[in-house]
Amino acid sequence: MSPSDLEKALGERFPGCMKGRTMYVIPFSMGPIGSPLSKIGIQLTDSPYVVASMRIMTRMGADVLQSLGASADFIRCLHSVGCPLPLSKPLVNNWPCNPEKTLVSHIPERNEIVSFGSGYGGNSLLGKKCFALRLGSILAKREGWLAEHMLILGITNPQGVKRYVAAAFPSACGKTNLAMLTPTLPGYKTECVGDDIAWMRFDEQGVLRAINPEFGFFGVAPGTSNQTNPSAMATIAKNTIFTNVAKTADGGVFWEGLEKETPAGVPITSWLGQENWTKESGKPAAHPNSRFCTPASQCPVIDPLWEDPKGVPISAIIFGGRRPEGVPLIYESFNWEHGVMVGASLRSEATAAAEHKGKVIMHDPFAMRPFFGYNFGHYLAHWLSFQKKANLQLPKIFHVNWFRKDAQSGEFLWPGFGENCRVLDWVPRRCDGQDVAQVRVLSYCKRAFLNHSNFIFFLNRNRPSV
């Protein structure tokens, strides 16, 4: 909306909105305190849930204020659930919010984020998507770096050689599972730097360095189990906030995927409060987008350099999504320009974290569609600008698809989970220039790159008939 309409809308909502509640002041750092890659924010909120969650998801407290000093260089974050006391209407499931007047706004000219009416994590934990991606992408454009919806993973091969990769998948497409991968190949080791967001900047030697600006994991609960992600299950065993999951009568939590790990006969109360829930009820036990909020330091495979203020060196960038047909397990882009096109053309089956209903294939360029902070054309130009800069070691760019299905049976063709290390073995080998790839030229690639001299040279050298 226009700035004038926004000011009017905010003026109608915020005066008196915290009446009867406690206002909390949260100083927090996105990234290690004092790192040149980090940024500071200060959030005001009337939600104890937000305070507790931000304490897990960010570095919060007096150390942040000391680092900030007298500087005014911080992001201003204002949030209210929009339910002053006494209440004008009863709460649903004891969850204060004001959905009729929910408004989440980002004001880059003032380095400000204003959120009203919602208690949901992405709308109320303003350091997360709002700061780290929407406003973060604008800061990155201004200052010449990248703020991306990417996990960061370290891979060590049996020879002891370690590489770091960043990977962008839409929400609920397996980022956390990949970030905490348990390899099935002997001698391989993977370690997690972050599972959701990467801030990346080229250093003085031209190496792309990445930090995880977050301090915890805000992961999708359904589908998480000891079979799919044992590291996540170990991480959430304590000091964890669960949102919109089901409860068991013995004091535990439950969601779809934990059937084999929950004792038979234990009564379950669904996230909607339905007691003695069963599968036959016709509704899921946990909300499909229910979450766990847990400290990253508790992860058994957390990388020893995850808080290194310099960041970790990125060798490869991987894009991917849920594509049941037509997209191979993995392919490599020919160059940085082609890689940007791969990211820009990313598509994926819709998930519960998106607003689409049903399993439609939606465009989600760079897995950033809900998180772009500025014009997408300018965003592409920003990515493309790095190839014009001298002495930069541009990472190779790949695309993966764990979710291709057999047309007859509907079963996944690739086993996924720990077996994904076989793909992650191939990526560093290609980064080292090993001849372990086959050239396949698709018709759309011919058209898209018909006028690209480097690509034509590649074709002429490898396929004389083209």
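Cut-offs and rules
- Residues numbered from 1 in each chain as written.
- Predicted model: local features only at pLDDT ≥ 70, side-chain atom pairs only at ≥ 80, totals over all residues.
- Heavy atoms only, no water.
- Helix = DSSP H or I, 4+ residues; strand = E, 2+ residues; numbered from the N terminus.
- Rg over C-alpha atoms; globule rule 2.2 N^0.38 Å.
- Buried < 20%, exposed > 50% of the residue type's maximum accessible area, 1.4 Å probe, protein only.
- Contact = heavy atoms within 4.5 Å.
- Areas by Shrake-Rupley, 256 points an atom, 1.4 Å probe, with all protein chains shown as cover.
- Pairing = 2+ DSSP bridges.
- Core = buried A, V, L, I, M, F, W, Y, C linked by side-chain atoms within 4.5 Å.
- Salt bridge = Lys/Arg side-chain N within 4 Å of Asp/Glu carboxyl O.
- Polar contact = N/O pair within 3.5 Å; in protein donor to acceptor, adjacent residues only side chain to side chain.
- Phe/Tyr/Trp six-rings, centres within 6.5 Å; stacked < 30°, edge-to-face > 60°.
- Lys NZ or Arg CZ within 6 Å of the ring centre and 35° of its normal.

(A) The arrangement of the overall build of the protein in detail. Secondary structure assignment for the protein yields twelve helices and 23 strands. For the protein, whose C-alpha radius of gyration is 23 Å, the value lies close to the compact-globule estimate of 23 Å for 466 residues. Along the first, second and third principal axes, the C-alpha set of the protein runs to 80 × 60 × 40 Å. Counting only residues that meet the buried cut, the protein has 51% of its 466 residues in that class. Residue pairs in contact within the protein that sit at least 24 positions apart in sequence constitute 70% of those at least 6 positions apart. Surface summary for the protein: the accessible area is close to 21,500 Å², and the carbon and sulfur share equals 54%.

(B) Structural view of the sheet that holds strand 15 (residues 246-248). As summarised here, the arrangement of the three strands in space is 16-15-17, forming an open sheet in which the pairing is antiparallel. Looking at the sheet topology across the chains shown, the edges are occupied by strand 16 (253-254) and strand 17 (268-269). The pairing of strand 15 with strand 17 spans two bridges and is classified as antiparallel. Directly across from Lys247, in strand 17, lies its bridge partner Thr269.

(C) A look at the nonpolar core. Formed by 106 residues in total, the largest nonpolar core has its most connected members in Met150, Trp199, Met200, Ile314, Ile317, Phe319 and Trp383. Considering every element that reaches this core, the biggest residue donor is helix 5 (residues 127-143), with eight residues. In this structure Ile314 touches Ile152, Tyr164, Val165, Ala166, Met200, Leu208, Ala210 and Pro395, once residues within four positions along its chain are discounted. Grouped together as the second largest cluster of nonpolar side chains are ten residues, Ala9, Leu103, Val114 and Phe116 included.

(D) Representation of the pattern of salt bridges in the model. Under the definition given, this model contains 20 salt bridges. Taking the shortest distance from any N to any O, the salt bridge between Arg59 and Glu307 comes out at 3.2 Å. A residue pair is termed long-range when its members are at least 10 positions apart, and Arg59 in strand 3 (residues 59-60) and Glu307 in the loop between strand 18 (291-295) and strand 19 (312-320) qualify at 248 residues. Using a relative accessible area of 35% as the deciding quantity, one classes Glu307 as partly exposed. Residue Arg163 is joined to Asp432 by a salt bridge in which the shortest nitrogen-to-oxygen separation is 1.9 Å.

(E) Structural context of the environment of Lys396. Relative to the helices and strands, Lys396 resides in strand 23 (residues 396-400). Of the residues examined, Lys396 reaches a relative accessible area of 30% and is grouped as partly exposed. In the structure, Lys396 is positioned 256 residues away from Ala140 in sequence and 21 Å away in space, judged by C-alpha atoms. Apart from residues lying up to four places away in sequence, Lys396 is in contact with Ser315, Ala316, Ile317, Glu332, Arg430 and Cys431. Among the polar contacts listed, one links the side chain of Lys396 to the side chain of Glu332, at a separation of 2.9 Å.

(F) Representation of the packing of aromatic side chains within the structure. Applying the stated criterion across every chain yields a total of 21 aromatic pairs. Their ring planes at 45° and their centres at 5.9 Å tell us that Phe254 and Trp277 sit as a pair that is tilted. A residue pair is termed long-range when its members are at least 10 positions apart, and Phe254 in strand 16 and Trp277 in the loop between strand 17 and strand 18 qualify at 23 residues. Taking relative accessible area as the criterion, Phe254 reaches 3% and is therefore assigned buried. With a relative accessible area of 8%, Trp277 lands in the buried category. A network of ring pairs unites the aromatic residues Phe319, Trp336, Phe366, Phe372, Tyr374, Phe376, Tyr379 and Trp383 as a single cluster. Taking the ring centre of Phe74 as reference, the NZ or CZ of Arg76 above it sits at 4.3 Å.

Note that all results are geometric; they support no functional claim without further evidence.
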